[in-house]
Amino acid sequence: MSIKVGLIGQGISASRSPAMHEAEGRRQGVDLCYDRFDTKDDHRSLSELLTTAQADGYAGLNITHPFKQSVIGLLDQTSDAARQIGSVNTVVFDGTKRIGHNTDCPGFAQGFGEGLADAALETVTLVGAGGAGLAVGFALRDLGVQNLLIVDRDQGMAQTLAARLGTIAEAVPDMSHPTQGFVNATPMGMASYPGSAIPANILTQDHWVADIVYFPLETELLRHARALGCATLSGAGMAVHQAALSFELFTGQKADATQMRATFEAFTN
Ligand code: NAD
(Lines give C-alpha, C1' and ligand atoms only; values in the text may rest on other atoms or scores of the structure.)
Protein backbone atom coordinates (compact mmCIF):
# COMPACT_ATOMS: atom_id res chain seq x y z
CA MET A 1 0.00 0.00 0.00
CA SER A 2 1.35 3.46 -0.90
CA ILE A 3 -0.01 6.58 0.82
CA LYS A 4 0.79 10.27 0.47
CA VAL A 5 -0.03 12.62 3.34
CA GLY A 6 1.34 15.96 4.50
CA LEU A 7 1.29 18.95 6.80
CA ILE A 8 0.22 22.52 5.95
CA GLY A 9 1.42 25.26 8.28
CA GLN A 10 3.70 28.26 8.63
CA GLY A 11 7.25 27.68 9.89
CA ILE A 12 7.02 23.88 10.18
CA SER A 13 10.57 22.91 9.21
CA ALA A 14 11.23 21.45 12.70
CA SER A 15 8.00 19.39 12.83
CA ARG A 16 8.46 15.81 14.02
CA SER A 17 5.26 14.66 12.30
CA PRO A 18 6.92 13.47 9.05
CA ALA A 19 9.35 11.25 10.97
CA MET A 20 6.67 9.84 13.29
CA HIS A 21 4.23 9.02 10.46
CA GLU A 22 6.84 7.61 8.06
CA ALA A 23 8.45 5.41 10.75
CA GLU A 24 5.04 4.06 11.78
CA GLY A 25 4.22 3.41 8.12
CA ARG A 26 7.48 1.47 7.65
CA ARG A 27 6.79 -0.55 10.80
CA GLN A 28 3.38 -1.51 9.42
CA GLY A 29 4.61 -2.24 5.89
CA VAL A 30 2.85 0.86 4.50
CA ASP A 31 4.80 2.93 1.98
CA LEU A 32 3.82 6.27 3.54
CA CYS A 33 5.29 9.54 2.34
CA TYR A 34 4.68 12.62 4.54
CA ASP A 35 5.38 16.01 2.91
CA ARG A 36 5.62 19.48 4.39
CA PHE A 37 3.81 22.45 2.80
CA ASP A 38 5.35 25.39 4.61
CA THR A 39 3.62 28.67 3.74
CA LYS A 40 6.76 30.49 4.90
CA ASP A 41 8.35 29.55 1.56
CA ASP A 42 5.38 28.24 -0.43
CA HIS A 43 3.20 31.21 -1.30
CA ARG A 44 0.15 29.27 -2.47
CA SER A 45 -3.04 29.89 -0.51
CA LEU A 46 -4.49 27.28 1.87
CA SER A 47 -7.28 26.67 -0.64
CA GLU A 48 -4.78 26.09 -3.49
CA LEU A 49 -2.69 23.73 -1.35
CA LEU A 50 -5.75 21.64 -0.42
CA THR A 51 -6.97 21.48 -4.03
CA THR A 52 -3.54 20.46 -5.35
CA ALA A 53 -3.00 17.79 -2.69
CA GLN A 54 -6.45 16.34 -3.29
CA ALA A 55 -5.89 16.29 -7.08
CA ASP A 56 -2.48 14.65 -6.56
CA GLY A 57 -4.05 11.73 -4.70
CA TYR A 58 -3.06 12.57 -1.10
CA ALA A 59 -4.99 10.55 1.50
CA GLY A 60 -5.15 13.54 3.80
CA LEU A 61 -3.33 16.40 5.47
CA ASN A 62 -2.51 17.62 8.93
CA ILE A 63 -3.23 21.31 9.41
CA THR A 64 -1.38 23.47 11.88
CA HIS A 65 -0.83 27.09 12.89
CA PRO A 66 -2.24 29.43 11.60
CA PHE A 67 -4.85 27.48 9.59
CA LYS A 68 -6.71 25.27 12.08
CA GLN A 69 -9.75 27.52 12.16
CA SER A 70 -9.73 28.98 8.63
CA VAL A 71 -9.57 25.51 7.04
CA ILE A 72 -13.09 24.72 8.27
CA GLY A 73 -14.67 26.90 5.58
CA LEU A 74 -12.88 24.87 2.88
CA LEU A 75 -14.25 21.47 3.95
CA ASP A 76 -17.33 19.46 2.92
CA GLN A 77 -17.84 17.83 6.30
CA THR A 78 -16.50 18.23 9.83
CA SER A 79 -16.71 15.66 12.63
CA ASP A 80 -19.09 16.59 15.44
CA ALA A 81 -16.17 17.04 17.85
CA ALA A 82 -14.17 19.27 15.50
CA ARG A 83 -17.26 21.39 14.80
CA GLN A 84 -17.89 21.84 18.54
CA ILE A 85 -14.25 22.68 19.18
CA GLY A 86 -14.09 25.00 16.17
CA SER A 87 -10.66 23.75 15.10
CA VAL A 88 -9.45 21.11 12.61
CA ASN A 89 -5.95 19.60 12.57
CA THR A 90 -6.61 16.63 10.28
CA VAL A 91 -8.30 16.59 6.86
CA VAL A 92 -9.10 13.26 5.19
CA PHE A 93 -9.80 13.15 1.44
CA ASP A 94 -12.62 10.69 0.79
CA GLY A 95 -13.13 10.69 -2.97
CA THR A 96 -14.16 14.25 -3.80
CA LYS A 97 -15.02 14.99 -0.15
CA ARG A 98 -12.83 16.77 2.41
CA ILE A 99 -13.61 15.71 5.96
CA GLY A 100 -12.20 17.59 8.96
CA HIS A 101 -11.27 16.07 12.32
CA ASN A 102 -9.62 17.23 15.52
CA THR A 103 -7.09 14.81 17.03
CA ASP A 104 -5.45 17.46 19.27
CA CYS A 105 -8.32 17.13 21.77
CA PRO A 106 -8.21 13.35 22.36
CA GLY A 107 -4.41 13.55 21.93
CA PHE A 108 -4.11 15.92 24.90
CA ALA A 109 -6.57 13.85 26.95
CA GLN A 110 -4.63 10.63 26.33
CA GLY A 111 -1.30 12.26 27.15
CA PHE A 112 -2.81 13.73 30.32
CA GLY A 113 -4.21 10.33 31.36
CA GLU A 114 -0.75 8.80 31.02
CA GLY A 115 1.25 11.56 32.69
CA LEU A 116 -1.01 13.29 35.23
CA ALA A 117 -3.70 10.71 35.94
CA ASP A 118 -4.00 11.66 39.63
CA ALA A 119 -4.23 15.41 39.09
CA ALA A 120 -6.97 17.27 40.98
CA LEU A 121 -9.51 18.58 38.48
CA GLU A 122 -12.02 20.65 40.44
CA THR A 123 -10.52 23.98 39.36
CA VAL A 124 -8.00 24.32 36.54
CA THR A 125 -6.53 27.34 34.76
CA LEU A 126 -5.94 27.18 31.00
CA VAL A 127 -3.66 29.88 29.63
CA GLY A 128 -4.01 30.37 25.87
CA ALA A 129 -7.23 29.92 23.90
CA GLY A 130 -5.93 29.83 20.32
CA GLY A 131 -6.07 26.92 17.87
CA ALA A 132 -4.56 24.42 20.31
CA GLY A 133 -6.15 25.97 23.42
CA LEU A 134 -9.62 25.33 21.98
CA ALA A 135 -8.87 21.60 21.72
CA VAL A 136 -7.22 21.48 25.15
CA GLY A 137 -10.22 23.25 26.73
CA PHE A 138 -12.56 20.56 25.40
CA ALA A 139 -10.15 17.82 26.49
CA LEU A 140 -10.08 19.25 30.03
CA ARG A 141 -13.88 19.26 30.07
CA ASP A 142 -13.90 15.63 28.88
CA LEU A 143 -11.35 14.74 31.58
CA GLY A 144 -13.81 15.99 34.21
CA VAL A 145 -12.66 19.51 35.08
CA GLN A 146 -15.46 21.20 37.01
CA ASN A 147 -14.35 24.84 36.88
CA LEU A 148 -12.14 25.89 34.00
CA LEU A 149 -10.65 29.36 34.27
CA ILE A 150 -9.45 30.60 30.88
CA VAL A 151 -6.85 33.36 30.50
CA ASP A 152 -5.68 34.80 27.19
CA ARG A 153 -3.99 38.13 26.61
CA ASP A 154 -6.64 38.53 23.91
CA GLN A 155 -9.68 38.37 26.20
CA GLY A 156 -12.01 37.82 23.23
CA MET A 157 -10.30 34.46 22.59
CA ALA A 158 -10.84 33.40 26.21
CA GLN A 159 -14.48 34.49 26.07
CA THR A 160 -15.12 32.61 22.83
CA LEU A 161 -13.75 29.37 24.25
CA ALA A 162 -15.63 29.80 27.54
CA ALA A 163 -18.88 30.34 25.61
CA ARG A 164 -18.26 27.16 23.56
CA LEU A 165 -17.58 25.12 26.70
CA GLY A 166 -20.66 26.32 28.60
CA THR A 167 -21.20 26.55 32.34
CA ILE A 168 -18.00 24.80 33.48
CA ALA A 169 -15.84 27.54 31.93
CA GLU A 170 -15.19 31.19 32.68
CA ALA A 171 -12.94 33.73 30.97
CA VAL A 172 -10.89 35.54 33.61
CA PRO A 173 -8.55 38.51 33.18
CA ASP A 174 -5.59 37.12 35.15
CA MET A 175 -4.23 34.18 37.15
CA SER A 176 -5.09 35.48 40.61
CA HIS A 177 -7.93 32.96 41.23
CA PRO A 178 -7.14 29.88 43.36
CA THR A 179 -6.52 26.85 41.13
CA GLN A 180 -5.22 23.29 41.41
CA GLY A 181 -3.40 23.13 38.11
CA PHE A 182 -2.19 25.18 35.16
CA VAL A 183 -2.05 24.30 31.47
CA ASN A 184 0.04 26.43 29.14
CA ALA A 185 -1.43 26.48 25.62
CA THR A 186 0.36 29.66 24.52
CA PRO A 187 3.54 29.55 22.41
CA MET A 188 5.50 31.06 25.33
CA GLY A 189 8.40 28.78 26.18
CA MET A 190 9.19 27.89 22.57
CA ALA A 191 12.69 28.75 21.42
CA SER A 192 11.19 31.62 19.40
CA TYR A 193 9.00 32.82 22.34
CA PRO A 194 11.28 32.56 25.38
CA GLY A 195 9.88 32.98 28.89
CA SER A 196 6.64 31.77 30.44
CA ALA A 197 3.03 32.96 30.24
CA ILE A 198 2.53 31.74 33.83
CA PRO A 199 4.52 33.91 36.25
CA ALA A 200 6.95 31.90 38.37
CA ASN A 201 5.87 33.61 41.59
CA ILE A 202 2.29 32.30 41.48
CA LEU A 203 3.30 28.62 41.41
CA THR A 204 3.51 26.51 44.57
CA GLN A 205 4.48 22.87 45.00
CA ASP A 206 0.77 21.97 45.36
CA HIS A 207 -0.02 22.96 41.78
CA TRP A 208 0.30 20.53 38.87
CA VAL A 209 1.57 22.06 35.63
CA ALA A 210 1.10 20.90 32.03
CA ASP A 211 2.75 22.54 29.03
CA ILE A 212 1.74 21.71 25.45
CA VAL A 213 4.83 23.34 23.96
CA TYR A 214 7.13 20.54 22.77
CA PHE A 215 9.95 22.41 21.12
CA PRO A 216 11.77 22.41 23.51
CA LEU A 217 10.20 19.79 25.77
CA GLU A 218 11.85 21.28 28.86
CA THR A 219 10.32 24.77 28.89
CA GLU A 220 11.15 27.48 31.40
CA LEU A 221 7.71 26.88 32.98
CA LEU A 222 8.30 23.14 33.46
CA ARG A 223 11.85 23.65 34.70
CA HIS A 224 10.62 26.04 37.38
CA ALA A 225 7.62 23.86 38.29
CA ARG A 226 9.82 20.75 38.68
CA ALA A 227 12.27 22.67 40.85
CA LEU A 228 9.36 23.56 43.14
CA GLY A 229 8.26 19.90 43.31
CA CYS A 230 5.09 20.25 41.20
CA ALA A 231 3.75 17.28 39.21
CA THR A 232 4.40 18.18 35.56
CA LEU A 233 3.53 17.08 32.03
CA SER A 234 5.34 18.05 28.82
CA GLY A 235 3.82 18.49 25.37
CA ALA A 236 5.23 15.16 24.14
CA GLY A 237 2.18 13.03 24.98
CA MET A 238 -0.22 15.31 23.10
CA ALA A 239 2.13 15.52 20.11
CA VAL A 240 2.48 11.75 19.89
CA HIS A 241 -1.18 10.85 20.46
CA GLN A 242 -2.57 13.43 18.04
CA ALA A 243 -0.18 12.01 15.42
CA ALA A 244 -1.18 8.40 16.18
CA LEU A 245 -4.88 9.28 15.85
CA SER A 246 -4.23 11.14 12.56
CA PHE A 247 -2.28 8.12 11.25
CA GLU A 248 -5.33 5.97 11.91
CA LEU A 249 -7.59 8.39 10.05
CA PHE A 250 -5.19 8.53 7.06
CA THR A 251 -4.48 4.78 6.78
CA GLY A 252 -7.41 3.04 8.48
CA GLN A 253 -4.81 1.12 10.52
CA LYS A 254 -4.20 1.33 14.26
CA ALA A 255 -1.00 3.14 15.17
CA ASP A 256 1.36 2.09 17.95
CA ALA A 257 1.73 5.24 20.04
CA THR A 258 4.62 3.72 22.02
CA GLN A 259 6.63 3.25 18.83
CA MET A 260 5.70 6.74 17.61
CA ARG A 261 6.85 8.15 20.94
CA ALA A 262 10.22 6.45 20.51
CA THR A 263 10.59 8.16 17.12
CA PHE A 264 9.52 11.48 18.68
CA GLU A 265 12.05 11.11 21.49
CA ALA A 266 14.88 10.25 19.10
CA PHE A 267 14.97 13.96 18.24
CA THR A 268 17.28 15.98 20.42
CA ASN A 269 15.84 19.05 22.07
P1 NAD B 1 -2.19 30.38 18.58
O2 NAD B 1 -1.33 31.51 18.13
O3 NAD B 1 -3.36 29.96 17.73
O4 NAD B 1 -2.78 30.69 20.02
C5 NAD B 1 -2.01 31.14 21.09
C6 NAD B 1 -2.90 31.91 22.04
O7 NAD B 1 -2.13 32.26 23.18
C8 NAD B 1 -3.44 33.22 21.45
O9 NAD B 1 -4.83 33.29 21.67
C10 NAD B 1 -2.67 34.30 22.21
O11 NAD B 1 -3.42 35.48 22.39
C12 NAD B 1 -2.38 33.62 23.53
N13 NAD B 1 -1.18 34.12 24.21
C14 NAD B 1 0.07 34.26 23.70
N15 NAD B 1 0.91 34.71 24.64
C16 NAD B 1 0.19 34.82 25.78
C17 NAD B 1 0.51 35.23 27.10
N18 NAD B 1 1.76 35.59 27.44
N19 NAD B 1 -0.48 35.23 28.03
C20 NAD B 1 -1.73 34.87 27.69
N21 NAD B 1 -2.10 34.48 26.45
C22 NAD B 1 -1.15 34.46 25.51
O23 NAD B 1 -1.20 29.16 18.80
P24 NAD B 1 -1.60 27.61 18.88
O25 NAD B 1 -1.68 27.03 17.52
O26 NAD B 1 -2.78 27.49 19.79
O27 NAD B 1 -0.29 26.97 19.55
C28 NAD B 1 0.09 27.29 20.87
C29 NAD B 1 1.27 26.41 21.26
O30 NAD B 1 0.86 25.06 21.35
C31 NAD B 1 2.44 26.41 20.26
O32 NAD B 1 3.63 26.45 20.98
C33 NAD B 1 2.32 25.08 19.57
O34 NAD B 1 3.56 24.58 19.14
C35 NAD B 1 1.78 24.22 20.69
N36 NAD B 1 1.05 23.04 20.23
C37 NAD B 1 1.43 21.83 20.73
C38 NAD B 1 0.77 20.68 20.32
C39 NAD B 1 1.20 19.36 20.85
O40 NAD B 1 0.80 18.35 20.24
N41 NAD B 1 1.93 19.28 21.95
C42 NAD B 1 -0.28 20.75 19.40
C43 NAD B 1 -0.65 22.01 18.92
C44 NAD B 1 0.04 23.15 19.34
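Read on for an overview of the structure. All figures in this text were calculated on a predicted structure; none of them were measured in a lab.

Here D80 is to be found in helix α3 (residues 80-85). Along the backbone, D80 and G100 are 20 residues apart, and their C-alpha atoms lie at a distance of 9.5 Å. A distance of 2.5 Å separates the side chain of D80 from the side chain of R83, its partner in a polar contact.

Right, let's get into the site of the ligand. The immediate surroundings of the ligand are formed by 24 residues, with A132, D152, M190, I212 and G235 found nearest. Between a nitrogen atom of the ligand and a main-chain N or O atom of I212, the distance comes to 2.8 Å. G235 places a polar main-chain atom, nitrogen or oxygen, 3.1 Å from a nitrogen atom of the ligand. Among the secondary structure elements, those contributing two or more residues to the shell around the ligand are α5 (131-143) and α8 (236-251). A per-element tally of the shell around the ligand places α5 first, with 3 residues. Taken together, the residues of the shell around the ligand sort by class into 13 nonpolar, 7 polar and 4 charged. The residues that make up the shell around the ligand include at least three from each of domain 1 (2-102 + 237-265) and domain 2 (105-234).

Side chains of strand β11 (residues 208-211) alternate between two faces, with W208 and A210 and V209 and D211 buried alike. Here 4 bridges tie strand β10 (residues 181-184) to β11, and the two strands are oriented parallel to one another. Among the inter-strand pairings, N184 is bridged to a residue of β11, identified as D211. Here β11 pairs with strand β12 (residues 231-233) via 3 bridges, running parallel. Paired with A210 across the two strands is L233, which belongs to β12. Chirality of the crossover, the property in question, places the unit of β11, helix α7 (residues 220-228) and β12 among those that are right-handed.

Let us now look at the sheet that holds strand β9 (residues 169-171). Within the open sheet, the 6 strands sit side by side as β9-β8-β7-β10-β11-β12. Their pairing is parallel. The open sheet has two free edges, formed respectively by β9 and β12, since each of these has just one partner strand. Each strand axis lies, on average, 20° off the axis of its neighbour in the sheet, ignoring direction. Two strands pair when backbone bridges link them, and strand β8 (residues 147-151) and β9 are joined in this way by 3 bridges, in the parallel orientation.

Over its 13 residues, α5 extends 19 Å from the first C-alpha to the last, a length consistent with the 18 Å expected when each residue adds 1.5 Å. In terms of residue burial, α5 counts as a mostly covered element, since 10 of its 13 residues are buried. Downstream of α5 by a residue or two, G144 has a phi angle that is positive, lying close to 110°.

About the thresholds
- Residues numbered from 1 in each chain as written.
- Predicted model: local features only at pLDDT ≥ 70, side-chain atom pairs only at ≥ 80, totals over all residues.
- Heavy atoms only, no water.
- Helix = DSSP H or I, 4+ residues; strand = E, 2+ residues; numbered from the N terminus.
- Polar contact = N/O pair within 3.5 Å; in protein donor to acceptor, adjacent residues only side chain to side chain.
- Near = heavy atom within 4 Å.
- Nonpolar A, V, L, I, M, F, W, Y, C, P; charged D, E, K, R; others polar.
- Domains from an automatic or database assignment.
- Buried < 20%, exposed > 50% of the residue type's maximum accessible area, 1.4 Å probe, protein only.
- Pairing = 2+ DSSP bridges.
- Right-handed = clockwise from strand over helix to strand, strands pointing away.
- Axes fitted to C-alpha atoms, helices over the stretch in contact; angles between N-to-C directions.
- Expected span 1.5 Å × (residues − 1).

Take it as geometry only, folks, not as evidence of what the structure does.
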